[in-house]
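Examining the three-dimensional arrangement
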Amino acid sequence: MDTFTLTDYEVTALQLSLKVALTAVIVSLPAGIGCAWLLARRQFWGKSLLDSLVHLPLVLPPVVVGYLLLVMMGRQGMIGAYLYDWFGITFGFSWRGAVLAVAVVAFPLMVRAIRLALENVDPKLEQAARTLGASPVKVFFTITLPLMLPGILTGTVLAFARALGEFGATITFVSNIPGETQTIPLAMFSFIETPGAEVEAARLCVIAIIIALLSLVIAEWLARIARNRLGN
């Protein structure tokens, strides 16, 4: 077999990784923007607790995150059991569960980048718009959101890259099922455990590195374009 030719098994893992990461980012982006706005613009009781909970996946071992998801969102979990009984929705051992796992792990990176961008937006611009009669919703979508665009782009791409590389939470929550939950890191794990599969593991390693590097380069490029258009 050609060293540089991907097998169907590897292509499936790559496609599933992209599907899971893209879905996780798209689904969590509105919540990430909303959470970043709350932390940057509002003072309320429990703000420190919310901030800690948002960033908790950064300091917890990924296996712990996966275990907590299993206890909470599994088929027999505290929340997952009700979701299955009422709506027929299950996250355990499915690609939807993989999306949930990587979204939870990547969410802090997204919120942090967006929050930092929002904190650099001058509140006086928003106040001036409200003084001229603009509603809070209009101010957010016409003033705040465009000015925080570089942070949104950076946070989105960083979260995507982190989601592609997640291993511990995914394998703990949804196991390692080829074609269903087996993303690139899980496929690499399977190859590493298989005698004589060093070449396949190395190929996926190179692919993961290339995708991660491209994600970081694209994030910086998009953020630079956004800053230039905003006159920064």
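Residues numbered from 1 in each chain as written. Predicted model: local features only at pLDDT ≥ 70, side-chain atom pairs only at ≥ 80, totals over all residues. Heavy atoms only, no water.

Per an unreviewed UniProt entry, the protein goes by the name Molybdenum transport system permease and belongs to Photobacterium halotolerans. Per UniProt, the protein has the following entry under Function (unreviewed entry): "Part of the binding-protein-dependent transport system for molybdenum; probably responsible for the translocation of the substrate across the membrane." As recorded by UniProt, the Sequence similarities (unreviewed entry) comment attached to the protein reads in full: "Belongs to the binding-protein-dependent transport system permease family. CysTW subfamily." (UniProt positions renumbered as here; feature names shortened; annotations may be inferred.)

Brief notes about the packing of aromatic side chains
For the structure shown, the criterion picks out 4 aromatic pairs. Relative to Phe 141, the ring of Phe 140 lies with its centre 5.2 Å away and its plane at 90 degrees, an arrangement referred to as edge-to-face. Classification of Phe 141 by relative accessible area gives exposed; the value is 51%. Each ring, one from Phe 167 and one from Phe 189, has its centre 5.3 Å from the other, and the planes form 55 degrees; the classification is tilted. Residue Phe 167 is found in the loop between α8 (149-165) and α9 (168-174), and its partner Phe 189 is found in helix α10 (residues 184-193); the two are separated by 22 residues along the sequence. (Phe/Tyr/Trp six-rings, centres within 6.5 Å; stacked < 30°, edge-to-face > 60°. Buried < 20%, exposed > 50% of the residue type's maximum accessible area, 1.4 Å probe, protein only. Helix = DSSP H or I, 4+ residues; strand = E, 2+ residues; numbered from the N terminus.)

Digging into the UniProt feature "transmembrane region" (unreviewed entry) in the protein
Under the UniProt annotation, the feature "transmembrane region" (unreviewed entry) is placed at residues 20-40, 52-73, 93-118, 139-161 and 201-223. Within the segment residues 139-161, helix and strand shares are 96% and 0% respectively, and the terminal C-alpha atoms sit 31 Å apart.

So, the side chain of Glu 200
In this structure, Glu 200 sits in helix α11 (residues 198-229). For the buried Glu 200, which has no salt bridge, the nearest side chain bearing the opposite charge is Arg 203, at an N-O separation of 4.3 Å. Apart from the residues within four sequence positions on either side, Glu 200 is in contact with Glu 10 and Phe 191. (Lys, Arg positive; Asp, Glu negative; His and termini not counted. Salt bridge = Lys/Arg side-chain N within 4 Å of Asp/Glu carboxyl O. Contact = heavy atoms within 4.5 Å.)

Some thoughts on the environment of Leu 109
Here Leu 109 lies in helix α5 (residues 95-119). Taking the relative accessible area as the measure of exposure, Leu 109 reaches 28% and is therefore partly exposed. Taking C-alpha positions, Leu 109 is 31 Å from Gly 88, a pair spaced 21 residues apart along the chain. Those residues in contact with Leu 109, other than ones at most four positions away along the chain, are Leu 58, Gly 155, Leu 158 and Arg 162.

A few points about the nonpolar core
The biggest cluster of nonpolar side chains holds 50 residues, and the ones touching the most others in it are Val 111, Ile 114, Met 148, Phe 173, Ile 184, Leu 204 and Ile 211. At the level of secondary structure, the elements contributing two or more residues to this core comprise α1 (8-41), α3 (62-73), α5, α8, α9, α10 and α11. The leading source of residues in this core is α5, at 13 residues. In contact with Val 111, not counting residues within four places along its chain, are Gly 32, Cys 35, Ala 36, Leu 39 and Val 54. (Core = buried A, V, L, I, M, F, W, Y, C linked by side-chain atoms within 4.5 Å.)

Brief notes about the environment of Ala 129
Here Ala 129 is to be found in helix α6 (residues 123-131). Each C-alpha atom of the pair Ala 129 and Phe 140 lies 9.9 Å from the other, and the pair is 11 residues apart in sequence. Once residues lying within four places of it in the same chain are set aside, the contact partners of Ala 129 are Ala 134, Val 139 and Ile 143.

Some remarks on the side chain of Glu 126
Within the secondary structure layout, Glu 126 lies in helix α6. Within the structure, the side chain of Glu 126 is placed 3.1 Å from the side chain of Arg 41, a separation counted as a polar contact. Within polar-contact distance, the side chain of Glu 126 engages the side chain of Thr 144 at 2.4 Å. In contact with Glu 126, not counting residues within four places along its chain, are Arg 41, Val 139, Ile 143 and Thr 144. (Polar contact = N/O pair within 3.5 Å; in protein donor to acceptor, adjacent residues only side chain to side chain.)

Regarding the pattern of salt bridges
This model, assessed by the stated rule, comprises 6 salt bridges. One salt bridge in this structure joins Glu 119 and Arg 115, with 3.1 Å as the shortest N-O distance. Here Arg 115 and Glu 119 lie together in helix α5, a separation of 4 residues that amounts to about one turn. Given the relative accessible area of 17%, Arg 115 is considered buried.

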